[in-house]
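# Observations on the model geometry
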Amino acid sequence: MAYAYLFKYIIIGDTDKRFQPVHDLTIGVEFGARMITIDGKQIKLQIWDTAGQESFRSITRSYYRGAAGALLVYDITRRDTFNHLTTWLEDARQHSNSNMVIMLIGNKSDLESRREVKKEEGEAFAREHGLVFMETSAKTATNVEEAFINTAKDIYEKIQEGVFDINNEANGIKIGPQHPTTNSTLSSSQGGHQAGGGCC
Amino acid sequence: MNFIRGVMGGQAPGPQPSGAETIQKLCDRVASSTLLEDRRDAVRALKSLSKKYRMEVGTQAMDHLINILQTDRSDSEILGYALDTLYNIICNDEEEEQDENAQKQSDDLGAQFTEKFIQDSEHITLLLTLLEEFDFHVRWPGVKLLTALLKNQGVQVQGIILVSPMGVSRLMDLLADSREVIRNDGLLLLQQLTKGNAAIQKIVAFENAFERLLDIITEEGSSDGGIVVEDCLLLLLNLLKNNSSNQNFFKEGSYIQRMKPWFEVGDDNSGWSAQKVTNLHLMLQLVRVMVSPVNSPGTTTSCQKCMYQCGLLQQLCTILMATGVPADILTETINTVSEVIRGSQVNQDYFASVNAPSNPPRPAIVVLLMSMVNERQPFVLRCAVLYCFQCFLYKNQKGQGEIVATLLPSTIDANSISAGQLLCGGLFSADSLSNWCAAVALAHALQDNLTQKEQLLRVQLATSLGKPPVSLLQQCTNILSQGDKIVRRGSKVQTRVGLLMLLCTWISNCPIAVTHFLHNQDNVPFLTAQISENLGEDERLVQGLCALLLGICIYYNDNSLENYTKEKLKQLIEKRIGKENFVEKLGFITKHELYSRAALKPQPVFPSPEQMLFDHEFTKLVKELEGQHRLCDGVITKAVHKSSEEDKKEEEVKKTLEQHDNIVTQYKELIREQDAQIQELKEQVASMSSQNEQMQTTITQQLSQIQQHKDQYNILKLKLGKENQTQSNSQGDGSQVNGLQTEELSQLREELEELRRQHTLLQTQVGEKDVLINTLRSSPQMAEGPSAGSDNTELLQELEVLKSQVQSQSSEISQLKAERQELLKRAEARSADTVPTSDSSSDASKMADLESRLTAQTSEKEKLEESRAQLEQQLDSAKSTVAILQTEKEKLQTEVQESKKEQDDLLMLLADQDQKIHSLKKRLKDLGQTVEDEDDLDARDQTSDDDDEDEDEG
């Protein structure tokens, strides 16, 4: 499918159940993809769910560098997952490129009766660390799409501002096959007819 | 040695130092020398010794070398020597011309030194840091060293790299190195790194490995490329094999589409180099990895769909039908096509439509089957064709029907070779491999398909001239029983196993086929003979299969043949074979060494033609009928063990079960229906609620509109009110006028009444006077009284009063007239006012203006107009009342006129009478007689007389 941009996301944080419904729990990371629209542009999201268990944390580190966005997820029914956020955030900040957009997600908002972490606490944490915050329910799909879209919007804005080097795929951003880059427009005027986004 | 001596620095000739001694000295220099150059020379010397004295260098120098790596980071030359030396001692495959023993020793050394090196995981981390060094002399040996370490101790090294942050990412950067050597060795490193470690595989994929590898493959010329392409393909295989997450990513990333051009090899027999064959082979394997039957079903299905949509399957089929393709490529292509179409209806349908470019064109299936039953074709190719045929029929009832139909008398086409004909040919050929393949292929056309099992019973074969045709089923059993007599190439067991598997598949779950089979009197005796005989090892499998076939005859028996009811067959087993013996023979199938291997995966792969005995689908059937474990008896064992009473009970239970089943199915049907109804109702509810919502929104909208309109109406009303003020003023005037008129009218009426009263009073007075006159007339005769004079004055006085009264009345009347005139004027003025003024026209224009702005307001405007019309009506009515009043007034005027006339008449009369009275009084005076009657008159008319008297007295 044609897309204007491709963003790589990772999902991190302590969650016993994955943020997305996925099948294979044997290995640290599961892959999923979806398409969203921002500003009239099709954007493809590739999402790596790192299952966030402590034992996988070292594996997760390998994913930071190549991701454009990260959803830092905790479980509103489990205080300890909230308490671990700082460690996750440090990890993410240390190993990612500085432009990676991090969004804080309080998951399982459907289980209000078992809530251990108040929404205000999540908001406060997000404010303190300069993150966007949202409560979601992966089970009922409440706000999940929004979480993906909001993160993508942030990334998209950063692209518009020229913060991201979109020709460096290591940032977790790729230009779609039909999208002319500044470079390829130059080269195509010189007779080159290569589609943008290829690594050279 | 000269070189060493040189290194040692011109030592005096004497007893040559041993290698160990030299190495020790070098190590000391490496460790203690303060000069970089010295250390560098020493390390270089160690490097040159490291191959010959691998053991010594490894044991003595490793720590020093690692130390160099840590401390001399700034000098890339010394780093390069150190890494090279470490590589030499750790890598195993350096010396190629070694005997086996030495090789083993070398392997041990490599493992030993690797162990030592990775004892501290920091060393690997150090190595990873060094790989960031761009200098060729560091990076290249670093890559090679890490590769060697991974080769020797893969799991541990992988573990260390996995947990070091960015470890894998750094290694991925090697693929972007502009120096081909490093990139290519980086490929080898990644191959080792990704072996069997799914977590690393995923990170490598995350780091855009697919994109880069596919780019490299394209750059290198795809299948025409060299060993680099091969390495890329091997790495891709590592990344994708059994890794569903990466498979999903590969598919989602639209990389399947990029595989299609690989297979555009065309018909130009430009030569098939060994490398090209290897490359294509790996490319085909890569396709198969994505659609493997062992993948998660979702992945395989979506990849199959994608491969059809992007034309990859079509491309593969082109290779299939092309000429000059090497046999092993063709074989792998067939296997690949098999798995791309397996269980996918769209792809199977496409495959059925593929034709070979022959004249006349033949279906690809037919061409392939021809190879399958052709002895001269390679064994692997024939297996591949069988697999392809099986995959074509897998979950494909339509395809099964089409294959069976080519054998049916009604649809048979004698002019061309059909799949069915080829299969029958194979079934009865003299080649046991063809027999087996054809039997299994035919069995797959019947798999889970009762219709085709029954259809195939209709197939008749013409044997030899003059003999009646024989049914296919019969022919199979005939060959089975005569098998020993027919001369055959290959293994006799293979043919019989093939046929028995076909028969088992055919008659299982198909009571009609069982009856057909039992109908032949020879079959059961043959089977019992086979089972009961004490035969050699070779025949054990055949015995087991015969037992299975007999078991199926019992289990799926509908007791329609008197001689071969369930009961009778069981008795037969007991008598001829013995139950225990029977069960034991049955067990021979699953105990066979090749059975479990065939059960593993669908593809028929056999190391040699002799081992081609079991079919995967058949193992499934056995599992279904006999269970996997010896402990749990299968249905057949149970059926044989059961007594007749149990059997009857069983039968009853079965019947009731069937009844229950029926009931259950009925209920299921009901539930399904209700489900559908519920669904429908739900939908209705949903649509209703949505409609309701819509309605409510429209209602609220309309409400707000109405509110708006009301507001506007009110505003308009206000405006209109102002505009109408003039009108209403005039209206008010009208009503005032009306009110005044009515008031005045009543006043007038009252006055009139008064006047009438006075009139009557006057008339009565006149009457009295008449009477008086009459009496007076009469009185002159009797008493022409002297009172007549006074009487006359009194009358005169009275007349004076009457005159004044009449005068005041007439003045009143004139006043009324004036008032009336005024009223009339006013009324006229009012009617003039009610004529529409210019204000209303501007109002209309305003209204029109509003109309254009708010179309919805027209009603309101109309209302306003109506109200205006009403007002006008009121005005009209007011006018009419005015008119009525006018007429009334006129009437009154005439009445007043009349009364005036009457009064005039009366006045005339009075005047006459006065004259008469006067003349009479004169006469009386003349006569000299006083009028006496004056007192009488006084008494009769006291009040008026009193006044007169007072006047007289005063």
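Residues numbered from 1 in each chain as written. Chains lettered and ligands numbered in written order. Predicted model: local features only at pLDDT ≥ 70, side-chain atom pairs only at ≥ 80, totals over all residues. Heavy atoms only, no water.

### A look at the overall build of chain B
The helix and strand tally for chain B stands at 42 helices and four strands. Across chain B, every contact between residues at least 6 apart in sequence was considered, and the portion connecting residues at least 24 apart equals 73%. Element-wise, carbon and sulfur atoms account for 51% of the exposed surface of chain B, whose accessible area totals about 47,900 Å². (Helix = DSSP H or I, 4+ residues; strand = E, 2+ residues; numbered from the N terminus. Contact = heavy atoms within 4.5 Å. Areas by Shrake-Rupley, 256 points an atom, 1.4 Å probe, with all protein chains shown as cover.)

### Describing the interface of chain B and chain A
Interface size is commonly expressed as the accessible area that is lost once the parts come together. Listed per partner, the contact involves 22 residues of chain B and 24 residues of chain A. Roughly 2,200 Å² is buried in total at the junction of chain B and chain A, and carbon and sulfur atoms are behind 53% of that figure. Counting the surface chain B buries against chain A, the share from its top three residues, B:M166, B:K202 and B:F206, is 30%. The interface formed by chain B and chain A contains three salt bridges. Summed over the shared surface of chain B and chain A, the number is seven residue pairs in polar contact (both at pLDDT 80 or more). Residue assignment for the side of chain B that touches chain A shows that the elements contributing at least two residues are α9 (154-163), α10 (167-173), α12 (198-206), α13 (209-219) and α15 (244-252) of chain B. Class assignment of the residues belonging to the side of chain B that touches chain A gives a composition of nine nonpolar, seven polar and six charged. (Buried area = accessible area lost by both parts, 1.4 Å probe. Salt bridge = Lys/Arg side-chain N within 4 Å of Asp/Glu carboxyl O. Polar contact = N/O pair within 3.5 Å; in protein donor to acceptor, adjacent residues only side chain to side chain. Nonpolar A, V, L, I, M, F, W, Y, C, P; charged D, E, K, R; others polar.)

### A short note on the environment of A:S98
Residue and element names in this part refer to chain A. Structurally, S98 can be placed in the loop between α3 (85-95) and β5 (101-107). For S98, a relative accessible area of 71% translates into the label exposed. For the pair S98 and N171, spaced 73 residues apart in sequence, the C-alpha to C-alpha distance is 9.8 Å. (Buried < 20%, exposed > 50% of the residue type's maximum accessible area, 1.4 Å probe, protein only.)

### A few points about the pairing of strand β3 (residues 41-49) of chain A
Residue and element names in this part refer to chain A. Along β3, seven of the nine residues are buried, which leaves the element largely enclosed by surrounding structure. Here strand β1 (residues 5-12) pairs with β3 via seven bridges, running parallel. In the sheet register, Y5 faces β3, and the bridge partner there is I43. Adjacent in sequence and paired antiparallel, strand β2 (residues 30-38) and β3 are bridged by two residues, among which D39 carries a positive phi angle near 55°. (Pairing = 2+ DSSP bridges.)

### Brief notes about the environment of B:L907
All names here are of chain B. With respect to the secondary-structure elements, L907 resides in helix α40 (residues 858-927). The class of L907 is partly exposed, set by a relative accessible area of 24%. Measuring from C-alpha to C-alpha, the distance between L907 and K803 comes to 7.9 Å, with 104 residues separating the pair along the chain.

### A look at the side chain of A:S62
Structurally, A:S62 can be placed in helix α1 (residues 57-64). Using a relative accessible area of 0% as the deciding quantity, one classes A:S62 as buried.

### Description of the pairing of β1(A)
Residue and element names in this part refer to chain A. With eight of eight residues buried, β1 lies mostly within the body of the structure. Bridge analysis of β1 against strand β7 (residues 173-175) gives three bridges, and the strand direction is antiparallel. Looking at the pairing, L6 lines up with K174 of β7. Note that β1 and strand β4 (residues 69-75) share four bridges and pair parallel. Across the sheet, I12 pairs through a bridge with L72, a residue of β4.

### Structural notes on a negative patch on the surface
Residues and elements named next belong to chain B. Taken together, the side chains of E898, E902, D904 and D905 make up a negatively charged region of the molecular surface. In this structure, D904 sits in helix α40. On the basis of relative accessibility, which here comes to 38%, the residue D904 falls in the partly exposed class. (Patch = residues over 30% accessible without salt bridge, like charges linked within 9 Å, V, L, I, M, F, W, Y side chains within 5 Å. Lys, Arg positive; Asp, Glu negative; His and termini not counted. Charge placed at Lys NZ, Arg CZ, Asp CG, Glu CD.)

### Structural notes on a nonpolar patch on the surface
A contiguous nonpolar surface patch, about 380 Å² in accessible area, is contributed by B:I663, B:Y667, B:L670 and B:I671. Using a relative accessible area of 47% as the deciding quantity, one classes B:I671 as partly exposed.

### Regarding the confidence of the model for chain B
Residue and element names in this part refer to chain B. Scored by pLDDT, chain B comes out at a mean of 83, with 83% of its residues at no less than 70. For residues 731-737, every residue scores under 50 in pLDDT, and the model assigns this stretch seven contacts once sequence neighbours within four places are set aside. Long-range and interchain partners of residues 938-954, a stretch whose pLDDT sits below 50, account for eleven contacts in this model, where long-range means more than four residues apart. (pLDDT = per-residue confidence, 0-100.)

### What about the side chain of A:S137?
Residue and element names in this part refer to chain A. Tracing the backbone shows S137 in the loop between β6 (132-135) and α5 (144-161). Residue classification places S137 among the buried residues on the basis of a relative accessible area of 0%. For S137, the residues in contact, after removing those within four places along its chain, are N107, K108, S109, D110, T142 and V144.

### As for α12(B)
All names here are of chain B. Of all the nine residues making up α12, nine are buried; the element is thus mostly covered by neighbouring parts of the structure. All of the buried residues in α12 are A198, A199, I200, Q201, K202, I203, V204, A205 and F206. In this structure N197 caps α12, since a side-chain oxygen of it lies 3.2 Å from the backbone nitrogen of A199. Directly beyond the C-terminal end of α12, a positive phi value near 70° is found at N208.

### Some words on the packing of helix α21 (residues 364-372) of chain B against helix α24 (residues 419-427) of chain B
Residues and elements named next belong to chain B. As a packed pair, α21 and α24 sit with axes 9 Å apart at the nearest point and diverge in direction by 10°. In terms of axis orientation, α21 runs roughly parallel to α24. For the pair α21 and α24, the contacting residues are V366, L369, M370 and M372 in the first and A419, L422 and L423 in the second. Within the contact of α21 with α24, the residues separate by chemical class into seven nonpolar, no polar and no charged. (Axes fitted to C-alpha atoms, helices over the stretch in contact; angles between N-to-C directions. Parallel < 35°, antiparallel > 145°, perpendicular 65-115°, else oblique.)

### Regarding the state of the cysteines
Residues and elements named next belong to chain B. A complete count under the given rule lists zero disulfides over all chains for this structure. C317 takes part in no disulfide bond, and the closest cysteine sulfur, belonging to C388, lies 7.9 Å away. Since its relative accessible area comes to 3%, C317 is described here as buried. (Disulfide = S-S within 2.5 Å.)

### Some details on the environment of B:F379
All names here are of chain B. For F379, the location among the structural elements is in helix α22 (residues 379-393). As for F379 and P607, which are separated by 228 residues in sequence, their C-alpha atoms are 9.8 Å apart. Apart from the residues lying within four places of it in its own chain, the contact partners of F379 are L433, F606, S608, P609 and M612.

### Notes on unusual backbone geometry
All names here are of chain B. With omega at -5°, the peptide bond leading from N359 into P360 counts as cis. The phi dihedral of N208 falls on the positive side, at around 70°, and the residue is not glycine. Take N208: it is sitting in the loop between α12 and α13. What makes N208 buried here is its relative accessible area of 10%. The backbone of S222 sits at a positive phi, close to 50°, despite the residue not being glycine. With respect to the secondary-structure elements, S222 resides in the loop between α13 and α14 (227-240).

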